[in-house]
Amino acid sequence: MPEVMEKPEIIPVPQATPKKVSRRQMLMTLGIALNAVASVLFAVPVVGYIFGPSKRKEIKKELSWITLGPLTKFPEGETRLATYRNPFVRPWDGDTGNIPCWVRRISADKLQVFAINCTHLGCPVRWFPQSGLFMCPCHGGAYYADGARASGPPPRGLFEYDYKVEGGELWIKAGQVPTLASPPSQACVEQPKRCACA
Ligand code: FES
């Protein structure tokens, strides 16, 4: 006789009831989310301020030597204006990132490269070959052809960049506007009288 199969027992599955979120909970979650966003927005500039200088130092290490172009651009016995692009520029700096400087070529391999800024209050100085002087238009400061202070309120000679000639190009060590607080360049260490304070 064939066996009679037993009917399987059906166990009812409990239905998940949808969880109700109260208005209070929803506002609380929204408040936490907004606070988190505000904290991030506040932290970004603070972190940038703290870690910015070390990043700038790294950039300075990599980009301290900047070319002013082929040496042939600077004839012997003349002082010419040159421009370099500041390595620390941001995309929105535009033309303000182009920094002028004066190049004096004394002989075939002897040069001087001066910052354009007067050592009094930073106005751009201009070279006058007729008088052999750099003159500052702001308060009448004057400098000799070798950058030494001649007269007026400037406290010292012009700031001088260190330079090297490599691959037929003139390179200067630059990247920041020199100030009285900056350490003296090697050029000034070698000839302290030229850059000395008045
Ligand atoms: S800024 Fe040049 S003399 Fe004052």
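Described below are features of the structure shown in this document. What you see is a predicted model; the values in this text were computed from it and never measured.

The next subject is the pattern of salt bridges. The final tally for this structure, using the stated rule, is two salt bridges. For Glu-78, the salt bridge goes to Arg-80, with nearest N and O atoms at 3.0 Å. The class of Glu-78 is partly exposed, set by a relative accessible area of 35%. What makes Arg-80 partly exposed here is its relative accessible area of 35%.

Evaluation of the coordinates by the stated rule reveals one disulfide. Sulfur-sulfur distance for the disulfide between Cys-123 and Cys-138 comes to 1.9 Å. Classification of the bridge connecting Cys-123 and Cys-138 rests on its S-S torsion, roughly -90°, and on that basis the disulfide is left-handed. Placement of the pair is Cys-123 in the loop between strand S4 (111-115) and strand S5 (126-128) and Cys-138 in the loop between strand S6 (133-135) and strand S7 (142-144), with a sequence separation of 15 residues. Taking relative accessible area as the criterion, Cys-123 reaches 16% and is therefore assigned buried.

The residue Asn-86 is located in the loop between strand S2 (79-85) and strand S3 (98-105) in this model. Those residues in contact with Asn-86 that lie beyond four places of it in its chain are Gly-97, Ile-99 and Gly-175.

With that out of the way, let us pick up the sheet that holds S2. Note: strands within a sheet are paired through backbone hydrogen bonds, in either parallel or antiparallel orientation. Spatial strand order, S2-S3-S4-S9: four strands in an open sheet with antiparallel pairing. With partners counted over all chains shown, the strands left at the sheet margins are S2 and strand S9 (160-161), one partner each. Where S2 lies against S3, seven bridges are found, and the strand directions are antiparallel. The partner of Leu-81 across the bridge, within S3, is Trp-102.

Counted by the stated rule, this structure contains four aromatic pairs. Each ring, one from Phe-114 and one from Phe-134, has its centre 5.4 Å from the other, and the planes form 70°; the classification is edge-to-face. Linking Phe-114 in strand S4 with Phe-134 in strand S6, this pair joins segments that are 20 residues apart in sequence. Phe-134 shares its class with Phe-114; the two are buried. Note on Trp-127 and Phe-134: the rings are 4.8 Å apart at their centroids and 50° apart in plane angle, and the pair reads as tilted. By relative accessible area, which is 15% here, Trp-127 ends up buried. Overall, the relative accessible area of 0% leaves Phe-134 in the buried class. Taken together, the aromatic side chains of Trp-102, Phe-114, Trp-127 and Phe-134 make up a single cluster linked through ring pairs. Its guanidinium or amino end placed over the ring of Trp-65, Lys-164 lies 4.5 Å from that ring's centre, counting from NZ or CZ.

Attention now moves to the sheet that holds strand S1 (residues 65-70). If you walk across this open sheet you meet the three strands as S1-S11-S10, and the pairing is antiparallel. In the strand order of this sheet, the two ends are held by S1 and strand S10 (163-166), each with one partner. When strand polarity is set aside, the average angle formed by the axes of neighbouring strands in this sheet is 30°. In terms of strand pairing, S10 meets strand S11 (residues 169-173) through four bridges, oriented antiparallel. Following the sheet pairing, Val-165 is matched in S11 by Leu-170.

Basis of the calculations
Residues numbered from 1 in each chain as written. Predicted model: local features only at pLDDT ≥ 70, side-chain atom pairs only at ≥ 80, totals over all residues. Heavy atoms only, no water. Salt bridge = Lys/Arg side-chain N within 4 Å of Asp/Glu carboxyl O. Buried < 20%, exposed > 50% of the residue type's maximum accessible area, 1.4 Å probe, protein only. Disulfide = S-S within 2.5 Å. Helix = DSSP H or I, 4+ residues; strand = E, 2+ residues; numbered from the N terminus. Contact = heavy atoms within 4.5 Å. Pairing = 2+ DSSP bridges. Phe/Tyr/Trp six-rings, centres within 6.5 Å; stacked < 30°, edge-to-face > 60°. Lys NZ or Arg CZ within 6 Å of the ring centre and 35° of its normal. Axes fitted to C-alpha atoms, helices over the stretch in contact; angles between N-to-C directions.

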